[in-house]
Amino acid sequence: MLGLGDRVQYLKGVGEKRAAQLAKLGIVTVGDLVRFYPRDYIDYSDPCGVLEAPYETPCVVRATVFGKQPGVRVSGGRTIYRVNAGDDGGSLIITFFNSPWAADRLEEGRDYLFYGRVGGGFGRREMISPVFIAAGSDRPMTAIYHQTQGINSGYLAKLVAAALDGLGEEALADPLDEPLRARWRLPGLAQALRMIHQPASRQQAKQARRRFAFEELFCLEVGMKLLRSRSRRSAGAPMTRCDAAPFFAALPFSPTGAQRRAVEQLAADFCGTAPMNRLLQGDVGSGKTLVAAAGMAMAAENGYQSVLMAPTEILAAQHAATLDKLLGPLGIRVALLTGSVKGKARKTLLTAVAAGEAQVVVGTHAVLGEAVQFARLGFAVVDEQHRFGVRQRGLLAGKAENPHLLVMSATPIPRTLSLLLFGELDVSILDELPPGRTPVRTIAVGSALRGRMYGFLEKQIAAGRQVFVVCPLIEQGEEPDPAGELQAVTAYKETVAARLLPGRRIGLLHGRMKPAEKEEVMRRFAAGEIDLLCSTTVVEVGVDVPNASVMVIENAERYGLSALHQLRGRVGRGAAESFCILVSDKDNEAVRERLAFLCHTADGFAVAQYDLEHRGPGDFFGKRQHGLPTLRVADAAADAAMIETAAAEAGALLEKDPELAAPERAPLRDALARLFDAAGGTAVN
Ligand code: ADP
Ligand code: MG
């Protein structure tokens, strides 16, 4: 009997060399093998006749073999074997190169189903190297697997079949229990494995795929909920005075309803017994910082310190300044800790943190450093979460006994996806912008209009405004660019911006500059000493310069809409009408349609949904670092409804059996361990 953990090397027909090749496909154990699902199928159930077969399109043709021609040697030392076949309507030549055994397998007088492309011309029809089965076979579907050097699809099919025949009952214990499967009409594991590898029909293959997608989503949700409930069992930083009224009263404006609701949720969590794990989602400019600040004020009121971690130095500095403005009047001291705070200043700062005198610490990942010891950390905030992984969040949380954690995301994420990515977090949403914002006018242009565009920029600058220009590269040649169409910011600054805006002050900002240099440029831009800032996407996150009124994005086709929306959010923060100009010469319909969508949509959630549907979930998953599994079968866009169902079922199960302790849960526990171990992190067991 085979077990799932057995190495494929010990299967018949697999030696060391094959095992190494299989490993390239991610197949090491028998478990990996049976869960290496086909990428497609050949469906032999509905063949066409010779004359109906379309030219140059993969199809299945039914034909009788009439005779074989002797092999013919052609130049290059190859030998061609031709087989004459056909039906009542016409004749079809089946051709194989160098493989007499393929032709040998065909018997004269018998009917076969050939899968391939029909080529030829002038009434002559030919199929080159088709795949085939004898007509009347009881298995009309053949699985097609991803292949690699030395491992072809047919070989994999045989190997899988051998594994399925050899697996013991125990190995096929189902992580999805019977009642659950019955509720959602899902086939059992053993049956589903047969159905996905050796389906009798397309319908069967589909049913099986649906089951495995469900299983994957269900396990993911159970795993994440388990993580969450475990962290909840520990005590958080208990607070008793959770009233944001004094903080609100000190503001120069009134908070939006959405901000108030989010702050109330924070207050409730702070005063609860378990540590908070909350995701704050809100479009750019929705005022997330204010919510964090309110939390910090409440924490300080209860004698706790807070920390905010930002992805870049620039952002950290800006947050520190903002928080100082918001919290200073309440007598709360805000300290900035980044990699560039060094020597004596750093020492003084660390002492203040350790003594609890710095009530709010803002920084980059420098705040995770071992030297940073808090006197009494109660509230941790992570801004722009996708730059941080689960592990880093864990480190941050480890700075104290379970501080309350708030993760702020500026990239709106469709709800279903947030279930997948942040299922372990509670969610607050800021779905309301502060009053008085006019939407940013967005237009897409070709580079032929760049001259006119600069005329417009000149007028804006003359009116006292400032401009961002974002280019994809730092230096030319960083990426293959045969058509020479990618703009590099260093060259762009000189040859485009400085040339088209003579006499204006042009700045340069990119990720390879020293932190202090970047800081200085940003400071000068914010102070109005720079008219136009040429930058890479380092300005993407968070930076706030209310006087900037135009965002130009060169090679706009390179970015997902969410990223463009994010960049666009850098302007429109002040009173002046603002503009976003998307420059692209990619003249294909998909790009045009995508950019047009952004031109007409201001809502970040709609933009994110569009990205999800058109570009797939990669844009969202890619930003997340390791620690949680990614999807193999399920499709975050297509299976949206299933995600909701799986999440609900996972919740119901954990309600009944919070630790999955029941003996019959063993298969599920195993499945979780495999899933989360493969992701390289977060042990669930
Ligand atoms: P984001 O959610 O993108 O991080 P910020 O927190 O940076 O947004 O806020 C964007 C701008 O809106 C800031 O300049 C902030 O001072 C301002 N702001 C936030 N809340 C309000 C409000 N309720 N009324 C007016 N302005 C606000
Ligand atoms: Mg922000």
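Sequence order as written defines residue numbering, which begins from 1 separately in each chain. In the order they appear in the text, chains get letters beginning with A and ligands get numbers beginning with 1. Owing to the predicted nature of the model, reporting of local features is limited to residues with pLDDT of at least 70; listing and counting of side-chain atom pairs is limited to 80 or more, with chain, interface and lining totals taken over all residues. The side-chain values count all of the structure's non-hydrogen atoms but skip hydrogen atoms and water molecules.

(A) The arrangement of the site of ligand 1 in detail. Each residue is tested against the molecule or strand, and it is near if at least one of its non-hydrogen atoms lies within 4 Å. As a structural note, the neighbourhood of ligand 1 is formed by 16 residues, with Q259, G285, K288, T289 and R437 the closest of them. Any N or O atom pair separated by 3.5 Å or less is treated as a polar contact, with the protein-specific requirement of one donor-capable and one acceptor-capable atom, and with residues adjacent in sequence counted only for side-chain atom pairs. Interatomic distance of 2.9 Å between a side-chain N/O atom of Q259 and a nitrogen atom of ligand 1. Accessible surface area values rest on a Shrake-Rupley calculation with a 1.4 Å probe, where residue burial reflects the displayed protein chains alone. Contact with the protein chains hides 80% of the accessible area of ligand 1, taken as 570 Å² for the molecule alone. When grouped by side-chain class, the residues that make up the shell around ligand 1 number 4 nonpolar, 7 polar and 5 charged. Under the scheme applied, nonpolar residues are Ala, Val, Leu, Ile, Met, Phe, Trp, Tyr, Cys and Pro; charged residues are Asp, Glu, Lys and Arg; polar residues are all the others, including Gly.

(B) The arrangement of unusual backbone geometry in detail. The phi dihedral of E56 falls on the positive side, at around 55°, and the residue is not glycine. Each helix corresponds to a stretch of at least 4 residues labelled H or I by DSSP, and each strand to a stretch of at least 2 residues labelled E; elements are numbered beginning at the N terminus. For E56, the location among the structural elements is in the loop between β1 (40–43) and β2 (59–68). Although it is not a glycine, R185 sits at a positive phi angle of roughly 50°. By the element assignment, R185 lies in the loop between α5 (178–184) and α6 (189–197). Exposed residues in this analysis have more than 50% of their type's maximum accessible area, buried residues have under 20%, and partly exposed residues fall in between, with area computed by a 1.4 Å probe over protein chains only. Residue classification places R185 among the exposed positions, given a relative accessible area of 69%.

(C) Here's a closer look at the sheet that holds strand β18 (residues 441–445). Being paired, for any two strands, means DSSP has found at least two bridges between them. An order of β18-β23-β22-β19-β21-β20 is seen for the 6 strands of this open sheet, with the pairing classed as parallel. The sheet terminates laterally at β18 and β20 (506–509), the two strands that pair on one side only. Put simply, the sheet's adjacent strands are angled 20° from each other on average, direction ignored. As paired strands, β20 and strand β21 (residues 532–535) are joined by 4 bridges and run parallel to one another. Across the sheet, residue L508 finds its bridge partner in β21, namely C534. Here helix α17 (residues 515–526) sits on the sheet and contacts β19 (466–470), β20, β21 and β22 (548–553); the angle it forms with β20, its principal contact strand, is near 140°. Residues are treated as being in contact if the distance between any of their heavy atoms lies within 4.5 Å. Axes, fitted as lines to C-alpha atoms, cover a helix only where it is in contact. Angles between the N-to-C directions of the axes lie from 0 to 180 degrees. The sheet contacts of helix α19 (residues 589–600) involve β18 and β23 (579–583), and relative to β18 the element is tilted by about 160°.

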